[in-house]
Amino acid sequence: MAERLVYINGDYYPEAEAKISVFDSAVMLGDCVTESTRTFNHVPFRLRDHIERLYKSMKVCRFDCGLSPDEMECLTLEVIERNLPAYEGMDLWIVHNISRGAYPPTGDQSTKRTPTIIIHTAPMDLRYWAPFYVIGCHAVTPPSRMVPAQSLDAKIKNRSRMAYTLAELECKLVDPMAQGILLDLDGCLTENKGGNFFLVQEGVLKTPRTLNALNGITRQTTLEIARNLGIPTLETDLQPYDVYTADEAFFTSTPYCIMPATRFNGLPVGEGVVGPVTRRLLQGWSDLVGLDIVQQALQQLPADQREELLSCAP
Ligand SMILES: Cc1ncc(COP(=O)(O)O)c(C=O)c1O
């Protein structure tokens, strides 16, 4: 297999040699914006939307990486192109991390810095999520609450991930395979460390507003697919009660698109199986991207695990 190459500020490095300063603001402060895009059959999905969100994040964080969005798009396509030989038969992530840059270890933080632009790729390894397409995951609300938008707006896609990490660890105490769904300070559902949340109530697809959640590209795409399929949608405040009494629920995120959730805090969601609206939306996703997203994930599992999983599917 060919070697993966990482782009850092104008140069390409083999992955093992890609390094940044220990004084980089990403390391020192988690002061770094980010995007993760994936390919389907090696074609990047909604790359321009990811880049536009990246530039909005940078603007709100008050720094400029020195490249225009068009230049960033061209550069990203070049990074993909250079890395494709390392991804025979495998889709990939394209990850942008852009920090305010390294600064000397003095108290004076006003020193002019050169932003650090890192673009790397990684294999689209879906094995962790694959079983959830068949049996659904267990969604759990952690005791920790979402950082309120008044402190850090979740619409800024950034690398300061301590709050999400601690919340996820709390969920894993309940169930090692649990997927967190954080509540805000008012007890409304928000999102988790890497995905948005949806539920289906009496045929209506509902998702929290983006008051305290990232406006995920997968979230937007799922709403578009639903509208095209004639499924009514609603962006609204939702509480745990709505999930306990919902017919179906799922998470959305770039790698897995839709991850069904069949249990919520120990109770079954609806019948406790992957429901018909979720299945239609999964099919809608597969039709949109031109590959069967469920099969792609299941094919990555060892054959015996895949067979066992499919045999216990309801
Ligand atoms: C905090 C958070 N919420 C939601 C999402 C889902 O966003 P997208 O659908 O654009 O991948 C992500 C993606 O990484 C995320 O980090």
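See the structure shown above.
Residues numbered from 1 in each chain as written. Predicted model: local features only at pLDDT ≥ 70, side-chain atom pairs only at ≥ 80, totals over all residues. Heavy atoms only, no water.

Caption draft 1: Just the site of the ligand, in detail. Inspection of the region around the ligand gives 16 residues, with Lys157, Glu191, Ile217, Thr218 and Thr254 positioned closest. Here a nitrogen atom of the ligand and a side-chain polar atom of Glu191 are 2.7 Å apart. Between Thr254 and the ligand, the recorded distance is 2.6 Å, taken from a side-chain N or O atom to an oxygen atom. Compared with its free state, where it exposes 390 Å², the ligand has 95% of that area covered by protein. Classifying every residue of the shell around the ligand by side-chain character gives 3 nonpolar, 8 polar and 5 charged. (Near = heavy atom within 4 Å. Polar contact = N/O pair within 3.5 Å; in protein donor to acceptor, adjacent residues only side chain to side chain. Areas by Shrake-Rupley, 256 points an atom, 1.4 Å probe, with all protein chains shown as cover. Nonpolar A, V, L, I, M, F, W, Y, C, P; charged D, E, K, R; others polar.)

Caption draft 2: Spatial organisation of the side chain of Thr278. Inspection of the secondary structure puts Thr278 in helix H8 (residues 276-289). Sequence-distant contacts of Thr278, defined by excluding residues within four places in its chain, comprise Glu248, Phe250, Ile258 and Pro260. (Helix = DSSP H or I, 4+ residues; strand = E, 2+ residues; numbered from the N terminus. Contact = heavy atoms within 4.5 Å.)

Caption draft 3: Spotlight on unusual backbone geometry. We note that Asn41 has phi near 50 degrees; this positive angle belongs to a residue other than glycine. With a phi angle near 50 degrees, Arg46 is a residue other than glycine that sits in the positive phi range. We classify Arg46 as partly exposed; its relative accessible area is 21%. (Buried < 20%, exposed > 50% of the residue type's maximum accessible area, 1.4 Å probe, protein only.)

Caption draft 4: Examining the sheet that holds strand E2 (residues 11-14) more closely. Read from one edge of the open sheet, 6 strands run E2-E1-E6-E5-E3-E4, paired in antiparallel fashion. Each of the sheet's edge strands pairs with one partner strand only, and the pair in question is E2 and strand E4 (43-44). Relative to E4, strand E3 (residues 32-40) is paired through 2 bridges, and the arrangement is antiparallel. By the bridge assignment for E4, Thr39 is matched with Pro44. The strands touched by helix H3 (residues 69-83) within the sheet are strand E1 (5-8), E2, E4, strand E5 (92-99) and strand E6 (116-123), with E6 carrying the most contacts at an inclination of about 40 degrees. (Pairing = 2+ DSSP bridges. Axes fitted to C-alpha atoms, helices over the stretch in contact; angles between N-to-C directions.)

Caption draft 5: A look at the pairing of E5. Here E5 lies mainly inside the structure; 8 of its 8 residues are buried. With burial as the criterion, each face of E5 is covered, one bearing Leu92, Ile94, His96 and Ile98 and the other bearing Trp93, Val95, Asn97 and Ser99. Bridge count for E3 against E5 is 7 bridges, and the pairing is antiparallel. When the sheet's bridge partners are listed, Cys32 is paired in E5 with Ser99.

Caption draft 6: The arrangement of the nonpolar core in detail. Phe251, Leu281, Trp285 and Ile293 are the most contacted members of the largest nonpolar core, which totals 50 residues. Each of two domains, domain 1 (5-123) and domain 2 (130-311), supplies a minimum of three residues to this core. Listed in part, the 23 residues of the second largest apolar core include Val33, Tyr87, Ile119 and Ile156. (Core = buried A, V, L, I, M, F, W, Y, C linked by side-chain atoms within 4.5 Å. Domains from an automatic or database assignment.)

Caption draft 7: Focus on the side chain of Asn212. Within the fold, Asn212 resides in the loop between strand E10 (204-207) and helix H6 (217-228). Of note is the side chain of Asn212, whose polar atom sits 3.4 Å from the side chain of Asp184. What Asn212 contacts, discounting residues up to four positions off in sequence, is Met146, Val147, Pro148, Ala149, Ala154, Asp184, Thr190 and Glu191.

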